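Secondary and tertiary structure notes
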Amino acid sequence: PGYRCGCGAGWTNATEGCADVDECADATHACHLDAACNNSLGSYACACERGFTGDGMVDCWDGTGASSASLFSCVGTMVVELRTSNGSNCHVLAPDEDARDGEYLVASRREYYCDEQAGTADDVLVRFFWLETQRWSEEVSLSAAGIDLSFGALSTVVVSGLSYAGTPTKVHLRLAGSDGWHPESLRVRRYNHAVWIDALSPLCWLDGDNCKGGICAVEDAPCGVIGASATIRMDLCGSEAQMCDQDNNATCSNHDGFYNCSCPAGYKGTGAGLTGSGTTCEACPVGAYQNVAGSSTCRACPDAAGLSVTSGEASTSVQACFCRAGYFGNITGPGTPCGDGDTCTDGAYCEECPEGEYCAGGRVSVECPGGSWSPPRTLRLEDCVCTAGYTGPMGGPCVQCQGGTACPGAWEPAVVCDAGFFSPTGASTCSACAINSFSASNASTCGVCPAQSSAPLGATLLEDCRCVAGYAAPALQACAVCQPGTYSPGREDACRDCPAGNFSNGTGAVECETCPEHSASERGSALCTCSDGWVDDEDGGCMNDDECNADSENSSHTCHASANCTDTQGSFTCECTPGFVGNGTACSPCAPGFACPGGNASTACEADAYSAPTGERCAACPKNSSSGVRSGNASACVCAPGFEGEILNEASNCTDVDECALSPCNGTRCADAEMLCKGNPAPVCVNSIGSYNCSCPPGLDLISYQLCDTECGDGQWIGGKECEDGNLDNGDGCSSTCRIERGYSCGEHPAVSYLSLCVDVDECADAAANNCSANAACNTTESGWYDCECEAGFFGDGTNCSSCPPNSASPSASPLPSNCSCDAGFSDRQNPEDRQNPNRPPA
């Protein structure tokens, strides 16, 4: 019919006309990532989100960092480059035979020729349709900008005065006049920007008077009917103005007033635009594919367990999927679950590569070479390793291991067995020769040791075979059994003697037994003997011997007659009876002044105690008496001052003494104020239990006689005098200095007050009063003293008298050893010439 109807930009064909395209819902808008898209009839608008500023398409800026901006950055100024054709007007349909050169006949309703040149002198007005705002700009004059539109001219001008400058998706050119003009090429760019955007749609003639009344266009003309203006779509996907991120594999497609970025098959994502819109194209990873362009996801290869893969990234069909290494199975291709299609549903398509096979990936599994093995999911032939008992390179071939060597399998080489080990053909390890056997290296069997000998595990030589326990011999000699009293733990050159305290009573002993308790043996003994104090119990043991049992035939104790014998295990003890002391085998009567409760202990009697007659304890002195330490009998106890009595035993008593009867006040005097005592009454004595009291008449004071004014011989026994006999004579018991003379005892005069009476003491009558030896005679002297003379047969100073040697004697009062002479019939060994004492009669 000569024309075609089509819906405009922002609309799409529908059953009953044109329907609005929702660019926001279809994601075909060009809004910025930080902008919201708002659909409208035939178009849409972009607005930056809260907190951002900008045009919503080219830029939305939050005030930090650099603005993404438009491809062009100078507002209100564009650069236009136009080339005017150097041809003539109208479309050439058919040349007329009669036409002149350069003239063409155009079939029309009027018959005339259109032969105008392409250049024009009229003004050309231009306006731009912005991608960012989806609005047309103001119309401005190109002629005013100084463009050259003459025939064949190429002219570039700067167009300014625009209220906004962005990315032009369409350019509208209008001829302001009746002259015809044919632009041949058009491109624009933003001022101070290097990227040119070329025209996408063809450039057609513009003619204000329609070729001077003629119709210069027909159905198949590129621009339809020639008019005074034309809208030209710009190529936003051109090589210079590529608006999509080709570095990330995005593809670009032009649309009326906008462009679109998309990802090709084998990728996922919407395709990133240079203005920041869309997402980066990512290659589908290994194991995934995508057979359509523009998808935001990739399809996984169709094995539910994830066992199928692809050979690389960016696969575009399921046909690129196959079972991964270690698995096998048919996934794609004729007769398979997925067939020849580009897609396929999930399923269990891949099987695990079985043990003993390998799978490089794909449809089939391959069996490992003979003598080799592989675990499940093996990937390569090289992973097939020789089994135990075989050897060879990885992947085969594998050969059986020879005797005397061991093949552990895998990639390990054969190993020669060491001495002491062996292996048969096909062995995986070398085994140690068993006990009682041996081998050299590289042996397939082991030798056996001779009788009664053995070798340790892994023995290497016959010499390693040594006698077993209970036998002994040097290496390589026959083994001999050990005799009683000897033993062998094995591998000995000779049997060992049993050590002392041990025995072996049979042949072939491997160790010696310890002698029973309470018995002993010498080295190399076959039997043990009971120790002292023990006897054979007839059961191989030793029992205790009761040495204290007088009825026993083994009674053999050595206790003293005054000791008790106590039997112990294997021995006995002796303990002295009470009253005796010693170690039990020797007991002595307890010494005076000690208590002997029995045994080897004795205790010295403390003060105020004495040895009891039996000697087993210390007895206390009677009341009101005392004694020194180590007192030997009751007589050592002395009644306390104020008491008297003869103490003979524990029943003795000390009775109160009437001190006044003994004139105890004689040591005191009654003195006047001038300390004069002579002529004053004597103090009065008042007796009390254990004591007494001296008192003076009123007006006189009782003082010690030492305090009275006195001198020796004045008849006053006071003033510290030891005695006072009223004279200054010596030899009467009281000396001229009032000191008691030796051999005398002075006391208060029984008849004369204040005088002492001195009497001669017979020291020889009381052994306790002299220090003569028991072997000496005590003789009273005229001076009131005594002397000591050794008795006949003794010699010394009388205080100490030593006995003459046996078979000799001395006269009494002999002071020296030389006074001793041999008895008749005996001679002095130190003086042989003095054969005997001629004065002694024969014995």
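On a predicted model such as this, the values are computed, not experimentally measured, just so you know.

Secondary structure assignment for the chain yields one helix and 72 strands. Going through the 843 residues of the chain one by one, you find that 38% of them count as buried. Here the contacts in the chain between residues at least 6 apart in sequence split such that 40% fall between residues at least 24 apart.

The eight strands are arranged E7-E6-E9-E14-E12-E11-E5-E8 in an open sheet whose pairing can be described as antiparallel. Every other strand in the sheet has two partners, leaving strand E7 (140-141) and strand E8 (154-159) as the edge strands with one partner each.

Ranked by internal contacts, the top residues of the largest apolar core, which has 44 residues, are Val80, Phe128, Leu142, Leu173, Leu186 and Tyr259. Of all elements in the fold, only strand E4 (43-48), strand E5 (78-84), strand E6 (123-130), E8, strand E9 (168-176), strand E11 (183-190), strand E14 (229-235) and strand E16 (258-262) reach the threshold of two or more residues within this core. Top element by residues in this core is E6. It accounts for four residues. In contact with leucine 142, not counting residues within four places along its chain, are Val80, Leu82, Asp123, Val124, Val126, Ile147, Val157, Val159 and Leu173. In this structure, Leu307, Cys321, Cys323 and Tyr327 belong to the second largest nonpolar core, which totals twelve residues.

Okay, the environment of glycine 17 next. Summarising the element assignment, glycine 17 is placed in strand E2 (residues 17-20). In this structure glycine 17 comes out as partly exposed when scored by relative accessible area, which is 34%. Setting aside its immediate chain neighbours within four residues, glycine 17 contacts Cys7 and Thr12.

With that settled, the discussion passes to the packing of aromatic side chains. The geometry of an aromatic ring pair is captured by two quantities: the separation of the ring centres and the angle between the planes. Scanning all chains against the criterion turns up four aromatic pairs. An angle of 20 degrees between the planes, with centres 5.4 Å apart, marks the rings of phenylalanine 128 and tryptophan 130 as stacked. Centre to centre, the rings of tryptophan 785 and tyrosine 786 are 4.6 Å apart; their planes meet at 40 degrees, and the pair counts as tilted. The exposure class of tryptophan 785 is partly exposed, given its relative accessible area of 24%. The class of tyrosine 786 is buried, set by a relative accessible area of 10%. Ring pairs connect the aromatic residues Phe128, Trp130 and Tyr164, which therefore count as one cluster. The ring of phenylalanine 129 has lysine 170 sitting right over it, with the charged end atom 4.4 Å from the ring centre. Its guanidinium or amino end placed over the ring of tryptophan 196, arginine 187 lies 4.2 Å from that ring's centre, counting from NZ or CZ.

Residue position: cysteine 433 is located in the loop between strand E34 (431-432) and strand E35 (437-438). Sequence-wise, cysteine 433 and alanine 419 are 14 residues apart; in three dimensions their C-alpha atoms are separated by 9.1 Å. Sequence-distant contacts of cysteine 433, defined by excluding residues within four places in its chain, comprise Gly420, Phe421, Phe422, Phe438, Ser439, Cys446, Pro456, Leu457, Gly458 and Ala459.

Now for the pattern of salt bridges. Considering all chains together, one arrives at ten salt bridges under this definition. Measuring nitrogen to oxygen at the nearest pair gives 2.7 Å for the salt bridge that ties glutamate 352 to arginine 377. With glutamate 352 in strand E24 (residues 351-352) and arginine 377 in the loop between strand E27 (372-373) and strand E28 (385-386), the pair connects residues that are 25 residues apart, well separated along the chain. Given a relative accessible area of 38%, glutamate 352 falls into the partly exposed group. Put simply, glutamate 724 and lysine 721 hold a salt bridge, and the shortest N to O gap is 2.8 Å. For glutamate 724, a relative accessible area of 0% translates into the label buried. We classify lysine 721 as buried; its relative accessible area is 8%.

Cut-offs used in this document
- Residues numbered from 1 in each chain as written.
- Predicted model: local features only at pLDDT ≥ 70, side-chain atom pairs only at ≥ 80, totals over all residues.
- Heavy atoms only, no water.
- Helix = DSSP H or I, 4+ residues; strand = E, 2+ residues; numbered from the N terminus.
- Buried < 20%, exposed > 50% of the residue type's maximum accessible area, 1.4 Å probe, protein only.
- Contact = heavy atoms within 4.5 Å.
- Pairing = 2+ DSSP bridges.
- Core = buried A, V, L, I, M, F, W, Y, C linked by side-chain atoms within 4.5 Å.
- Phe/Tyr/Trp six-rings, centres within 6.5 Å; stacked < 30°, edge-to-face > 60°.
- Lys NZ or Arg CZ within 6 Å of the ring centre and 35° of its normal.
- Salt bridge = Lys/Arg side-chain N within 4 Å of Asp/Glu carboxyl O.

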